[in-house]
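# Structure assessment
Single-letter residue listing:
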Amino acid sequence: QNIAAYTKNNFVKDSLALGYGSIIYPYSGASTIFIDPTASTNGTGTFASPYNIWPASIPNESLVLIKEYSTLSISNITVTATNLMVGSYDADSGERVIDTQKLATISYGSTAKFFTLPTTGTFTLSGVRFISSGAGTNNVIANTSTTLELKIEYCLFANISSLVSG
């Protein structure tokens, strides 16, 4: 068996390309927020008690994880937190996972965009599927800032007009 050293980004990309399935991808933010749209009650955002909707308030430096295989419906979320990452999590372990077969889905209907972003910091979408069922212009992100760093990696898109507008 050949063993090679990869940087974190190459390891993930190469592993997915080779079909290795789930990859646990660490992230060390100030807090991790869990969302399970199938949960019967809206919890506190922990793995044991996840929110069932997008939370009204998210701290800076957070990792927001949506349960694998689930669909979270949103409508033009205004993000005020800086340095935010959004991804999917493994239902059994709570670990962030990137697997194109197990991605959480974020969907919206007739609104023109998923997220409106802050003007500074970073915003990362990593390992999530985006689907719009609305007609007309469907943008993932509305962003007019020249100082915000936007990262989109390992995501899938359906019925999307553009990734970024503004």
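Residue positions are counted from 1 within each chain, in the order its sequence is given. Given that this is a predicted model, residues contribute local features only at a pLDDT of at least 70 and side-chain atom pairs are listed and counted only at 80 or more, while totals for whole chains, interfaces and linings are drawn from all residues. Hydrogens and waters are ignored; side-chain quantities use all the structure's heavy atoms.

### Examining the packing of aromatic side chains
- A pair of Phe, Tyr and Trp rings is counted when the ring centres sit within 6.5 Å of each other, with Trp represented by its six-membered ring. The angle between the planes then sorts it: under 30 degrees is stacked, over 60 is edge-to-face, the rest tilted. In total, this model carries three aromatic pairs according to the counting rule given.
- Consider the rings of F34 and Y89, whose centres lie 5.0 Å apart with planes at 85 degrees: the pair is edge-to-face. Of the two residues, F34 sits in strand 2 (residues 31-35) while Y89 sits in strand 6 (residues 84-89), which places them 55 residues apart along the sequence.
- Burial classes follow relative accessibility: with a 1.4 Å probe on protein chains only, a residue under 20% of its type's maximum area counts as buried, one over 50% as exposed, and anything between as partly exposed. F34 sits in the buried class, given a relative accessible area of 10%.
- Classification of Y89 by relative accessible area gives buried; the value is 2%.
- Between the aromatic rings of F47 and Y89, the centroid separation amounts to 6.0 Å while the plane-to-plane angle is 80 degrees, which identifies the pairing as edge-to-face. Of this pair, F47 sits in the loop between strand 2 and strand 3 (62-67) while Y89 sits in strand 6; the two residues are 42 residues apart in sequence, bridging distant segments of the chain. What counts as a helix is a DSSP run of H or I of at least four residues, what counts as a strand is a run of E of at least two, and both are numbered from the N terminus.

### Side note on the confidence of the model for the protein chain
- What pLDDT expresses is the predictor's confidence in each residue, scored from 0 to 100. Taken over all residues, the pLDDT of the protein chain has a mean of 77, while the share at 70 or more is 69%.
- Per-element mean pLDDT across the protein chain ranges from 46 in strand 1 (residues 23-24) up to 95 in strand 3.

### Structural notes on the pattern of salt bridges
- Salt bridges are identified by distance alone: a Lys or Arg side-chain nitrogen within 4 Å of an Asp or Glu carboxyl oxygen. A complete count under the given rule lists four salt bridges for this structure.
- Two residues, E68 and K102, come together in a salt bridge whose shortest N-O distance is 3.2 Å. You can see E68 sitting in the loop between strand 3 and strand 4 (71-73) and its partner K102 sitting in the loop between strand 7 (96-98) and strand 8 (104-108), a full 34 residues away along the chain.
- Residue classification places E68 among the buried positions, given a relative accessible area of 7%.
- The closest approach of N and O atoms between K151 and E149, which form a salt bridge, is 3.8 Å.
- Members of the salt-bridge network, linked through shared partners, are E68, D90 and K102.

### Concerning the side chain of D90
- Tracing the sequence through the fold places D90 in the loop between strand 6 and strand 7.
- Accessibility expressed as a relative area gives 14% for D90, which makes it buried.
- Contacts are assigned to residue pairs with any non-hydrogen atoms lying within 4.5 Å of each other. In this view, D90 contacts F47, E68, E95, V97 and K102; residues no more than four positions away in its chain are not counted.

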